[in-house]
Amino acid sequence: MSRLIVPVLLTALVVGIAAPSASDDMGEAARAGQWQVDTLRLPEAWRASKGAGVLVAVLDTGVNGRHPDLEGAVTQGPDLTGASRSAGLWGRHGTAMASLIAGRGHGDREGVIGVAPEAKVLSIRVTLENGDPLRRKRSSVGRHALAKGIRYAADHGADVISMSLGGGSGLWEGSADEEAAVRYAIGKGAVLVASSGNDGDTANRKNFPAAYPGVIAVGAVDRRLKVAGFSNRQDYLSVVAPGTQIVTADGGDSYVVGDGTSSAAAMVAGIAALIKSAYPDMSPHHVRTAIELGVLRRPTAGYSRAYGHGVANALLALRAADQLSTPARPPAPSIAAAAAGPSSRTAVVASMLGLVAAMAVWVLATHRASRRDST
């Protein structure tokens with residue numbers, strides 16, 4: 001059986017919204033439809049951090065930095081696919097994910113606002129849109145694009161690497177070069193986030209890069225915070241996040257509504273950006289720990305293959321990060337040490353008094369001797 005040569009995107013774009021009009025009614029509708037803003041408690045989280053100073057690499061189909069909600073936020077990195085850009089197809093999925101991470105919106109409460117609206121995006125094209133006819137061609141173009149993209153991101157200062165895709169180099173069992181690239185990036189201090197997979201209600205395959213050790217794997221929940229049927233249930237799952245009826249920027253200057261673990265992963269990448277902005281020296285391990293501690297709906301047993309550690313929450317993750325970053329207080333003096341204190345001071349005082357008495361005797365003896373010498 002032939003294998004795909006590029007990763008599968010993990011968002012199903014289901015409803016399109018027309019481009020903004022002069023009054024930008026669609027921009028207002030897009031903002032109003034972002035139910036995750038309240039669920040993640042973003043307004044409260046933004047009091048502590050909005051992602052300033054953080055670079056998030058979006059490994060995807062490319063990002064349109066000219067979208068009104070992403071203006072000034074995007075740096076264009078390399079295209080590692082080796083494929084041409086199909087008209088109307090390039091950058092739709094990548095732009096959608098970037099808007100969920102670092103969208104700035106526009107106008108007066110219009111457009112998509114991301115989880116970390118002051119973060120910067122590094123766009124690295126590593127895959128093609130699901131509908132791109134070039135995906136069906138059997139060639140080796142872009143076979144190692146994801147591994148190269150991870151290394152490029154790490155070498156160019158990415159604090160967070162967001163990967164809303166699956167299947168690795170078309171290999172559902174993963175690949176050695178991708179796993180090595182993941183280890184390399186973590187060693188450089190990058191936090192890696194990936195979508196857990198969208199076939200939870202069918203094959204429920206083990207999905208890469210989410211399943212590589214050290215990657216924060218993210219599943220999807222609906223508005224009721226129930227795990228979406230399509231969200232993969234696996235023992236590598238870290239957390240779940242909003243992933244149904246998600247409004248995102250589209251590749252042009254319009255909007256789209258979709259379902260998928262892609263959107264959930266992008267939001268958690270945004271949470272990682274908030275943490276890295278507030279605590280720049282925090283290690284990837286501790287960022288992941290903070291996200292896994294700062295959750296809602298933690299399973300009764302503490303963990304499950306459906307929910308992971310629970311539903312990600314930006315405010316709670318920042319609070320957990322603050323706890324992890326606070327240095328431990330020095331231990332209080334022991335009872336024995338406290339008891340020894342006064343006796344130690346008594347000994348010092350007694351020694352000083354003895355020294356004074358000895359000096360007084362020496363002075364008196366010297367004075368008497370001098371009198372005898374003078375008579």
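Residues numbered from 1 in each chain as written. Predicted model: local features only at pLDDT ≥ 70, side-chain atom pairs only at ≥ 80, totals over all residues. Heavy atoms only, no water.

Novice: So what exactly am I meant to see when it comes to the packing of helix H8 (residues 284-293) against helix H9 (residues 314-325) here?
Specialist: In helix packing, the relevant descriptors are the interaxial angle and the interaxial distance, both defined with respect to the helix axes. Relative to each other, H8 and H9 sit at 130°, their axes nearing to 7 Å. In terms of axis orientation, H8 runs oblique to H9. As for how H8 packs across H9, the hand of that crossing is right-handed. Residues His 286, Thr 289, Ala 290, Ile 291 and Leu 293 of H8 form the contact with H9, whose own contacting residues are Ala 317, Ala 320, Ala 321 and Leu 324. (Axes fitted to C-alpha atoms, helices over the stretch in contact; angles between N-to-C directions. Helix = DSSP H or I, 4+ residues; strand = E, 2+ residues; numbered from the N terminus. Parallel < 35°, antiparallel > 145°, perpendicular 65-115°, else oblique. Left-handed = near helix turned anticlockwise from the far one by under 90°. Contact = heavy atoms within 4.5 Å.)

Novice: Honestly, the packing of aromatic side chains in this entry has me stumped. Any pointers?
Specialist: Two aromatic rings, taken as a pair, are described by how far apart their centres are and by the angle between their planes. Counted according to the given criterion, the structure contains 1 aromatic pair. Judged by centre distance (4.7 Å) and plane angle (50°), the rings of Phe 208 and Tyr 212 are tilted. Taking the relative accessible area as the measure of exposure, Phe 208 reaches 7% and is therefore buried. Taking NZ or CZ as reference, Arg 151 lies 4.8 Å from the ring centre of Tyr 184, over its face. (Phe/Tyr/Trp six-rings, centres within 6.5 Å; stacked < 30°, edge-to-face > 60°. Buried < 20%, exposed > 50% of the residue type's maximum accessible area, 1.4 Å probe, protein only. Lys NZ or Arg CZ within 6 Å of the ring centre and 35° of its normal.)

Novice: Explanation requested: the pairing of strand S6 (residues 110-113) in the structure shown.
Specialist: Of the strand pairs in this sheet, strand S5 (residues 104-106) and S6 are connected by 2 bridges, and their pairing is antiparallel. Residue Arg 104 lies in a different strand from S6, and its bridge partner there is Ile 113. (Pairing = 2+ DSSP bridges.)

Novice: Looking at this structure, I do not really get the environment of Asp 25. What am I missing?
Specialist: Assignment of secondary structure puts Asp 25 in helix H1 (residues 25-32). Along the backbone, Asp 25 and Gly 111 are 86 residues apart, and their C-alpha atoms lie at a distance of 9.6 Å.

Novice: So what exactly am I meant to see when it comes to helix H5 (residues 145-155) here?
Specialist: Since one α-helical turn is 3.6 residues long, residues separated by three or four positions face the same way. Along H5, the residues classified as buried are Ala 145, Leu 146, Ala 147, Gly 149, Ile 150, Ala 153 and Ala 154. Among the residues trailing H5, Gly 157 stands out with phi positive, at a value near 85°.

Novice: Where do I start with the pattern of salt bridges in this structure?
Specialist: Where side chains of opposite charge bring their charged atoms close, a pairing between them can arise. Under the criterion given, the structure shown has 8 salt bridges. Of the charged contacts in the structure, one is a salt bridge between Arg 125 and Asp 79, with a shortest N-O distance of 2.7 Å. Of this pair, Arg 125 sits in strand S7 (residues 120-125) while Asp 79 sits in strand S4 (residues 74-79), and the two are 46 residues apart along the sequence. With a relative accessible area of 32%, Asp 79 lands in the partly exposed category. In this structure, Arg 92 engages Asp 250 in a salt bridge whose closest nitrogen and oxygen atoms are separated by 2.9 Å. With Arg 92 in helix H4 (residues 92-102) and Asp 250 in the loop between strand S13 (246-249) and strand S14 (255-259), the pair connects residues that are 158 residues apart, well separated along the chain. A relative accessible area of 28% places Arg 92 in the partly exposed class. Given the relative accessible area of 9%, Asp 250 is considered buried. (Salt bridge = Lys/Arg side-chain N within 4 Å of Asp/Glu carboxyl O.)

Novice: What's the story with the pairing of strand S3 (residues 55-60) in this structure? I'm lost.
Specialist: Where a strand is regular, its side chains alternate between the two sheet faces. In terms of residue burial, S3 counts as a mostly covered element, since 6 of its 6 residues are buried. Side chains Leu 55, Ala 57 and Leu 59 project from S3 onto one buried face, and the interleaved Val 56, Val 58 and Asp 60 project onto a second face that is buried too. With 6 bridges connecting them, S3 and S7 associate as parallel partners. From the neighbouring strand, Leu 55 faces S7, where its bridge partner is Lys 120. Here S3 pairs with strand S8 (residues 160-163) via 3 bridges, running parallel. Bridge assignment links Ala 57 to a residue of S8, and that residue is Ile 161.

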